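Examination of the molecular architecture
The residues making up each chain are set out below.
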Amino acid sequence: MTMFLQQLILGLRGGSLIALVALGIVMIFKTTGVVNFAYGYMGMFSIYIAYTFLNTVGAPLWLSVTICIAFAFALGAAAERGLLRQVRHLSKGAMLILTLGMLMIFEGLALQIWKQDYRSFPNLVSGVRMITIDTGRLVIRNQDILIFIVAAAIMAGLFIYFKYTKTGLAIRATAQNENAAKLMGIKVGVIFALSWGVGVSLGAVSAVLAAPRTFIHPNMMLPLQIRGLTGAVLGGFDSLPGAVVGGILLGVIEQFMGAYISEELKMALSLLIILVVLLVKPSGLMGSKAIERV
Amino acid sequence: MKRVLVFLVMAIIAIGSFAFAEDGIYEDRVVIGSFQALSGPVAPIGVSMRKGMDAYFNWVNANGGVYGRKIDLIVVDDQFTPSRTVVEVRRLVEQDRVFSIVGGLGTPGILAVMDYLNDRGVPFVYQGGGSSLFAIPPKEYVFTVQPHYTTEGQIAAKYMMETLGAKRVAIVYRADDAGREGLNAMSKWLVDNGYPAALVAKLPVDPSKVTFDSEILKLLELGVDAVYLLMWIPQSPNFLLQAQEYGLDATLVGSYANPDITLIQLAGQAAEGFQALAWVAADPEDEGFLKHIEIYQETFPDELPNAFAAAGFIAAEVFTEGLRRAGENPTREKLARALETMDGWTGFITPEITYGPFDPDDNFCRTGVLQMYVMEVKNQEWTTLHDWITLE
């Protein structure tokens, strides 16, 4: 029982990070209709900014992290306005290719500026907590508790934002029908830039939370990005709650696979389970069915 | 008719002399090749290893080369991907016509090209990887230098049981061929030497894994005395940081790629007391060691070579010594025979190396280093903790 609970905690921790990444990817996809393959790399690039402020400028940790997230927002919005909007009229495919190009640019830039060395990044909070239960003792790191809190706060915040604010409503309207939204007087361009900004900031937040474990290097976000995409697919690619559920579920499944079945096969087995889910329900757990007029 | 005949004879002589000239050997230079990960996730290792080779060859060339020939090194970037290694190495051999391959990095890539090079008689000196498959069974033109994980796994077990006096030990290993080889060697040594129950946990970890909570909690629960950590940077400093967070106080003994300043930079205080096996003769007071730093700094001023640069340096040292022994008119065949004459040879930082005449049944005729010592992080520096350990 203790072992089960302990693994569940670890799975939820991993899942929360995946969910954050999935949430950012889905948010951008839902509003602008493009899967951002540069997502993780933009988060990676942003955390190098935090690293530079922390270690070269000597700014305190909280300030470095704040600057990093603000930078990510600007980076996301600028990428949308300056690059993606230019090819928007061509096709979704063109935008997709563009994000692949951005991936290479950010990786190359990071290599040029900061070289390929691994760099360490501190936990935002340190220490572990012991919780004694009937059957034994559970150990939880404070950083993991922080990850839960941050992930939950962001998810709740986004939910409230989309449901109860005007901009949130505008984003939902744009996602549903771009042309109709335009006719209703919604500034669609601003909404696109905003979604990219918020989406990429989420990438930066996940990078900040993951960095103490992954270290900072140009490819640090790649495994998390792959899992984020997988989680998003599992949840249904066009649903924000789906991204959260899919991400958390993937984290938990992976943890249990590793603990109870095989550490070596856990990734393969987790993906197999997802494959089965998608075979049964192709639109994902919470995704909407694609309906097209014939 | 006579003219045609003369032309034909001359043509045959020209083609003949061209065909008989050894690939990569020219009047003024010897062209050799190497494959390294110069980009991608493993680039920090590949770039460093290349720097070590460059530094040594620059020094040799600045001092007149070998019998007046400069050593010209072509390094290709295979990104640690075996499919690329195959293409790039074939290009080195068939288009660039290199004399020898020196210091290739990465077990998967090495395994992918090893037989090709051996079949064509291209000497392959120094493999940046620890698989015993390079040396066992021996291959006539493949000369290993680094100890392999079968050697290391046994030495680690011997050290933990006999020197540390551990009762309950564990191994945390990369779930790949290298890791499994170390695991098998360790298990076998423990069984053969009367400690069949000492190994209480065998924990495989994915080579890309960054969270070790489950493994550390398991070790805490089992109460182990010592853990053999068969992984390297960046996983090992990460493991140390997490072990410190959870308060794991077992002695951690790392694999030989760990004694490097990068580990201390990444793990900080969590690295204190971490021990690791080592095979590069790196005594800071030794003349050869100081000379190696001097040589390195001639090419890279103010930089200190890390462990991977040292590996590249050793690859270059061993090859150059072989080339010197091969004489004024070297051929691939002569190089292979010359390397076989090495008997306890040591370089500036290369520890004792012995090869022997090629014998398919002699598992030691192509095995390089067979002994290792132990280093420890003390006050944020690597220090020597225990002298050379040899297997009986």
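Here, the structure is the one placed above.
Throughout this document, residue positions are counted from 1 along each chain, in the order its sequence is written. Chain letters start at A and ligand numbers start at 1, both assigned in the order the entries are written. Confidence filtering applies because this is a predicted model: local features only for residues at pLDDT of at least 70, side-chain atom pairs given and counted only at 80 or more, and all residues used for totals across whole chains, interfaces and linings. Neither water nor hydrogens contribute to the side-chain values; these are computed over all heavy atoms in the structure.

**A few points about the packing of helix H2 (residues 43-62) of chain B against helix H11 (residues 307-325) of chain B**
All names here are of chain B.
- Angles shown run from 0 to 180 degrees and are taken between the N-to-C directions of axes, each axis being a line fitted to C-alpha atoms and, for helices, limited to the stretch in contact. By definition, any uninterrupted DSSP run of H or I lasting at least four residues is a helix, any uninterrupted run of E lasting at least two residues is a strand, and each is numbered from the N terminus. Interaxial distance between H2 and H11 falls to 6 Å at its minimum, and their mutual angle equals 40°. As summarised for this structure, H2 and H11 are arranged oblique, according to the angle between their axes. Crossing hand, H2 versus H11: right-handed. On H11, the residues that touch Ile45, Ser48, Met49, Gly52, Met53, Tyr56, Phe57 and Val60 of H2 are Phe308, Ala309, Gly312, Phe313, Ala316, Glu317, Phe319 and Thr320.
- Each residue receives one of three labels: charged for Asp, Glu, Lys and Arg, nonpolar for Ala, Val, Leu, Ile, Met, Phe, Trp, Tyr, Cys and Pro, and polar for the others, Gly being one of them. Taken together, the residues that form the contact of H2 with H11 break down as eleven nonpolar, four polar and one charged. Should an angle fall under 35 degrees it is taken as roughly parallel, and over 145 as roughly antiparallel, whereas 65 to 115 is taken as roughly perpendicular and any remaining angle as oblique. Should the near helix be turned anticlockwise from the far one by less than a right angle, the crossing is left-handed, and should it be turned clockwise, the crossing is right-handed. Contacts are assigned to residue pairs with any non-hydrogen atoms lying within 4.5 Å of each other.

**A few points about the environment of Gln255 of chain A**
Residue and element names in this part refer to chain A.
- Relative to the elements of secondary structure, Gln255 occurs in helix H10 (residues 240-261).
- As for Gln255 and Gly15, which are separated by 240 residues in sequence, their C-alpha atoms are 9.1 Å apart.
- Any pair of nitrogen or oxygen atoms within 3.5 Å is treated as a polar contact; in protein, a donor-acceptor pairing is required on top of that, and neighbouring residues in sequence qualify only through side-chain atoms on both sides. Of note is the side chain of Gln255, whose polar atom sits 2.7 Å from the side chain of Gln7.

**Examining the pairing of strand E8 (residues 226-230) of chain B**
Residues and elements named next belong to chain B.
- To sort residues, take the accessible area from a 1.4 Å probe on protein chains only and compare it with the maximum for the residue type: under 20% means buried, over 50% means exposed, and anything in between is partly exposed. Most of E8 is tucked away: five of the five residues are buried.
- Residues of E8 alternate between two faces, with Ala226, Tyr228 and Leu230 on one and Val227 and Leu229 on the opposite face, all of them buried.
- Pairing between strands is defined by DSSP: at least two bridges between them are needed. The pairing of strand E6 (residues 169-174) with E8 spans five bridges and is classified as parallel. Bridging from a neighbouring strand, Val169 pairs with Ala226 of E8.
- Two strands pair when backbone bridges link them, and E8 and strand E9 (residues 251-254) are joined in this way by four bridges, in the parallel orientation. Considered in E9, the bridge of Ala226 is made with Thr251.
- Note on the crossover from E8 through helix H8 (residues 235-246) to E9: the handedness is right-handed. Viewed with both strands pointing away, a crossover whose connecting path from the first strand over the helix to the second turns clockwise is right-handed.

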